[in-house]
Amino acid sequence: MSLRHALIGLLRERPASGYDLMQVFDKSLHQVWPATKSQVYAELAKLDEAGLITVTAEGPRGRREYAPTEAGLAELRHWMLETTPDETQRSETLLRVFLLGALDRAQAKDFMLAIRERTLADLARLDALTESIDWDWRADDDLLRYGAIVMEWGRRMMEMTRDWSEWAATRIPD
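Our subject in this report is the structure included herewith. Since we're looking at a predicted model, the values are computed, not measured.

This part covers helix α6 (residues 105–132). Counted at 1.5 Å a residue, the expected span for α6 with its 28 residues is 40 Å, and the 41 Å between its end C-alpha atoms agrees. Restricting attention to buried positions, one finds in α6 the residues Ala108, Phe111, Met112, Ile115, Thr119, Leu123, Leu126 and Leu129. Where α6 is buried, its residues meet α2 (18–27), α5 (92–98) and α7 (142–170). Capping of α6 at its N-terminal end is provided by aspartate 104; its side-chain oxygen lies 3.1 Å from the backbone amide nitrogen of alanine 106.

Quick look at the layout of surface pockets now. By volume, the second largest pocket is sized at about 190 Å³. Lining the second largest pocket we find Ser17, Gly18, Tyr19, Tyr41, Pro60, Arg61, Gly62, Arg63, Arg64 and Tyr66. Of all the elements in the fold, those that place two or more residues in the lining of the second largest pocket are α2 and β3 (64–68). Tallied by class, the residues present in the lining of the second largest pocket amount to four nonpolar, three polar and three charged.

In this section: the packing of aromatic side chains. The final tally for this structure, using the stated rule, is zero aromatic pairs. Sitting above the plane of the tyrosine 146 ring, arginine 145 keeps its charged end 5.9 Å from the centroid.

Attention now moves to the pairing of strand β2 (residues 53–58). Of the strand pairs in this sheet, β2 and β3 are connected by five bridges, and their pairing is antiparallel. Looking across to β3, one finds that isoleucine 53 is bridged to proline 68. Linking β2 back to β3 in an antiparallel pair, the connection comprises five residues, with arginine 61 at a positive phi of about 55°.

Right, let's get into the environment of methionine 80. Inspection of the secondary structure assignment puts methionine 80 in helix α4 (residues 70–82). Of the residues examined, methionine 80 reaches a relative accessible area of 56% and is grouped as exposed. Between the C-alpha atoms of methionine 80 and tryptophan 33, which are 47 residues apart in sequence, the distance is 15 Å.

Take the nonpolar core next. As a rule of thumb, nonpolar side chains are buried together in soluble globular proteins. If you look at the biggest cluster of nonpolar residues, it comprises 18 residues, and the most contacted ones within it are Leu7, Leu11, Leu21, Phe25, Val40, Leu44 and Ile53. Of all the secondary structure elements, the ones that give two or more residues to this core are α1 (2–13), α2 and α3 (37–49). The element best represented in this core is α1, accounting for six residues. When near neighbours in sequence (up to four residues on either side) are disregarded, valine 40 contacts Leu3, Leu7, Gly18, Leu21, Met22, Phe25 and Ala35. Residues Phe111, Met112, Ala168 and Ala169 belong to the second largest nonpolar core, which totals nine residues.

Procedures and definitions
- Residues numbered from 1 in each chain as written.
- Predicted model: local features only at pLDDT ≥ 70, side-chain atom pairs only at ≥ 80, totals over all residues.
- Heavy atoms only, no water.
- Helix = DSSP H or I, 4+ residues; strand = E, 2+ residues; numbered from the N terminus.
- Expected span 1.5 Å × (residues − 1).
- Buried < 20%, exposed > 50% of the residue type's maximum accessible area, 1.4 Å probe, protein only.
- Contact = heavy atoms within 4.5 Å.
- Polar contact = N/O pair within 3.5 Å; in protein donor to acceptor, adjacent residues only side chain to side chain.
- 1 Å grid on protein atoms, 1.4 Å probe; cavity = no way out; pocket = protein on both sides within 12 Å on 5 of 7 lines; lining within 4 Å.
- Points joined across faces, edges and corners; volume = space filled by probe spheres on them.
- Nonpolar A, V, L, I, M, F, W, Y, C, P; charged D, E, K, R; others polar.
- Phe/Tyr/Trp six-rings, centres within 6.5 Å; stacked < 30°, edge-to-face > 60°.
- Lys NZ or Arg CZ within 6 Å of the ring centre and 35° of its normal.
- Pairing = 2+ DSSP bridges.
- Core = buried A, V, L, I, M, F, W, Y, C linked by side-chain atoms within 4.5 Å.

In structure tokens, the structure reads:
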């Protein structure tokens, strides 16, 4: 259900099309809440049908821009303030680390170092993304303000993962 709330929240900032919303997911939200094009467009149709968003403009090739309705904003506030987030996390990587005993020690160490390398690549992509956005804190743009806070969480998590994977590799005897 969080995708619906993410879409309403993004549309609260400014009317947008499905394409525009996908750009936000691809550039910044994918680390926190990934979504596919088919998921976004299907959810937009459901939100429109439920009266939580409305079409504000139509353009060529069926392009539609949406904005939240008052009912949609009320639903967003309800979800944010009156429900408890599901903080259950799954990590296929951590499951594999837990099962490293199935590999020989050299393979286990290589696995941990591969996590480090992937994390370094992720950090480089995050740096490039951070450089591509004008983070004007004075601007009255909630997506920039709170997006920067989420980006910082991502950076810190990646840095922790890098440090942890290096540490873990040293704990695996040769």
